[in-house]
Amino acid sequence: MRRAFPALAAIVLGATAVAAQNLAPIKERKAHFDEMGDAVKPVGAMFKGEHAFELATVQSALTVIREKTAVLPDLFPEDSKEGEETRALPAIWSDKEDFNNRFKKLSAAAEAAEPAITDEASFKTAWKDLVGNCSGCHKNYRKPKE
């Protein structure tokens, strides 16, 4: 019994440590996605005509997109598939190359849109192309809200 208890305790502590390791990247990536969503939400409203066009807000959102797409791919390590109510689908890890390339494509679209968007007309064209990148990733790699 004396030998069994320390072994059981080690297993429980080891499992807890592994689970804790999973949570940090999940929490971090959720925070980055939330920040990106917060930046994009008012721009989406402008695109729909619900708010007046503001170039500074659009440019700020494009900067946030570029910044977040640079760090997000690294926040999906193999040991972060579950926990923290993650909406990440297993396809992320089975097709990691495509997943990472989608971040690169979104970043490149945001970078190209920055100088291209100068007024509302150019915004409507560039923004539509840019957000097309978002929906493809969401469809393939994110669980829908329940």
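Residues numbered from 1 in each chain as written. Predicted model: local features only at pLDDT ≥ 70, side-chain atom pairs only at ≥ 80, totals over all residues. Heavy atoms only, no water.

Enquirer: Any details on unusual backbone geometry? Residues and values, ideally.
Expert: For Glu84, which is not a glycine, the phi torsion comes out positive at approximately 55°. Examined against the element boundaries, Glu84 turns out to sit in the loop between helix H2 (55–71) and helix H3 (91–94). Although it is not a glycine, Glu85 sits at a positive phi angle of roughly 55°. The residue Glu85 is located in the loop between H2 and H3 in this model. (Helix = DSSP H or I, 4+ residues; strand = E, 2+ residues; numbered from the N terminus.)

Enquirer: Lay out the confidence of the model for the protein in plain terms, naming residues and giving numbers.
Expert: Per-residue confidence for the protein gives a mean pLDDT of 89, with 86% of residues at or over 70. The weakest mean pLDDT in the protein belongs to helix H1 (residues 4–47) at 77; the strongest belongs to H2 at 98. Low pLDDT, under 50, characterises residues 12–20; the predicted model gives this stretch 0 contacts beyond four residues in sequence or across chains. (pLDDT = per-residue confidence, 0-100. Contact = heavy atoms within 4.5 Å.)

Enquirer: Break down the packing of aromatic side chains for me, with residues and values.
Expert: Scanning all chains against the criterion turns up 9 aromatic pairs. With a centroid separation of 6.1 Å and an interplanar angle of 85°, the aromatic rings of Phe47 and Phe123 are classed as edge-to-face. Pair noted here: Phe47 is in helix H1 and Phe123 is in helix H5 (residues 120–141), with a separation of 76 residues, a long-range link. Through a chain of ring-to-ring contacts, the aromatic side chains of Phe33, Phe76, Trp93, Phe99, Phe103 and Tyr141 assemble into a single cluster. (Phe/Tyr/Trp six-rings, centres within 6.5 Å; stacked < 30°, edge-to-face > 60°.)

Enquirer: Break down the pattern of salt bridges for me, with residues and values.
Expert: The final tally for this structure, using the stated rule, is 4 salt bridges. Linking Glu114 and Arg66 is a salt bridge whose minimum nitrogen-to-oxygen distance equals 2.8 Å. Taken together, the residues span a long stretch of sequence, with Glu114 in helix H4 (residues 96–116) and Arg66 in helix H2 at a distance of 48 residues. We classify Arg66 as partly exposed; its relative accessible area is 28%. Among the ionic pairs, Arg102 bridges to Asp98, the shortest N-O distance being 2.9 Å. In this pair, Arg102 and Asp98 are both assigned in helix H4, 4 residues apart and thus about one turn of the helix distant. Taking the relative accessible area as the measure of exposure, Asp98 reaches 26% and is therefore partly exposed. (Salt bridge = Lys/Arg side-chain N within 4 Å of Asp/Glu carboxyl O. Buried < 20%, exposed > 50% of the residue type's maximum accessible area, 1.4 Å probe, protein only.)

Enquirer: Report on the packing of H2 against H4, specifying residues and quantitative values.
Expert: Axes are the key here: two packed helices are described by the angle between their axes and the distance separating the axes. Across the interface, H2 lies against H4 with an axial gap of 9 Å and an inter-helix angle of 150°. One element, H2, and the other, H4, form an angle in the roughly antiparallel class. The element H2 and its partner H4 pack so that their crossing is left-handed. Counted together, Gln59, Leu62, Thr63, Ile65, Arg66 and Thr69 of H2 and Phe103, Leu106, Ser107, Ala110, Glu111, Ala113 and Glu114 of H4 form the full contact between these two elements. Looking at the contact of H2 with H4 residue by residue, the classes come out as 6 nonpolar, 4 polar and 3 charged. (Axes fitted to C-alpha atoms, helices over the stretch in contact; angles between N-to-C directions. Parallel < 35°, antiparallel > 145°, perpendicular 65-115°, else oblique. Left-handed = near helix turned anticlockwise from the far one by under 90°. Nonpolar A, V, L, I, M, F, W, Y, C, P; charged D, E, K, R; others polar.)

Enquirer: With reference to specific residues and values, describe H4.
Expert: Spanning 21 residues, H4 covers 30 Å between terminal C-alpha atoms, matching the ideal 30 Å at 1.5 Å per step. Taken together, the buried positions of H4 are occupied by Phe99, Phe103, Leu106, Ser107, Ala110, Ala113 and Glu114. Buried residues of H4 fall within an arc of 130° about the axis and therefore sit on the same side. Facing away from the buried surface of H4 by more than 90 degrees, the exposed residues are Glu97, Lys104, Lys105 and Pro115. (Expected span 1.5 Å × (residues − 1). Arc of directions from axis to C-beta.)

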